[in-house]
Amino acid sequence: MIVWFKDGNVRTFYSLDWKHKVSKTRDKTIGIERFHKLIKKYGALAGTIDIYEKETGQLISRFYEGIEKPIHDTNGIS
C-alpha cells in the first residue's frame, strides 16, 4: 500500500499476511482488512492511497481522502 500524504510525504506499507514466510496467517483477506484499518486511521491526512498486488504490480484498490474510488483501466494505465 502506498500512501501519498497531503503534506508531500509518501509512505509504503507491506502486508505480511499473505505469501510471506514469517506470516502467522497467510490470509490475503486479513492483510486487506488491516490496510483498510490504516486507511481509516490516515483518512483525511492522505490524498491518494493505492493498494497493489506486490508480485504482479496490479492495482487492487484506490482511495482518496479515505474514500474508495473506482479504478479505470485504459490500456494498462490506471
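Parameters at a glance
- Residues numbered from 1 in each chain as written.
- Predicted model: local features only at pLDDT ≥ 70, side-chain atom pairs only at ≥ 80, totals over all residues.
- Heavy atoms only, no water.
- Buried < 20%, exposed > 50% of the residue type's maximum accessible area, 1.4 Å probe, protein only.
- Helix = DSSP H or I, 4+ residues; strand = E, 2+ residues; numbered from the N terminus.
- Pairing = 2+ DSSP bridges.
- Axes fitted to C-alpha atoms, helices over the stretch in contact; angles between N-to-C directions.
- Contact = heavy atoms within 4.5 Å.

Student: Explain the pairing of strand β3 (residues 46-52) residue by residue, including any values.
Tutor: In terms of residue burial, β3 counts as a mostly covered element, since five of its seven residues are buried. Summarising the sheet, strand β1 (residues 2-5) and β3 pair through four bridges and their orientation is antiparallel. Note on β3: the bridge partner recorded for Ile-2 is Asp-50. Where β3 lies against strand β4 (residues 59-64), five bridges are found, and the strand directions are antiparallel. Note that in β4 the partner of Asp-50 across the bridge is Arg-62. In this structure, the hairpin formed by β3 and β4 is closed by a connection of six residues, where Gly-57 is found at a positive phi of approximately 80°.

Student: Quick one: what's the story with the sheet that holds strand β5 (residues 67-69), residue by residue and with numbers?
Tutor: Taken together, the five strands give an open sheet; going across it, the order is β2-β1-β3-β4-β5, and neighbouring strands pair in antiparallel fashion. Two strands in the sheet have a free side with no partner beyond their single neighbour: β2 (10-12) and β5. Adjacent strand axes in the sheet meet at a mean angle of 20°, parallel and antiparallel pairs treated alike. Pairing analysis gives three bridges linking β1 to β2, with the strands arranged antiparallel. Bridge pairing links Val-3 to Arg-11 in β2. Taken strand by strand, helix α1 (residues 28-42) contacts β1, β2, β3 and β4, and its axis lies near 175° from that of β3.

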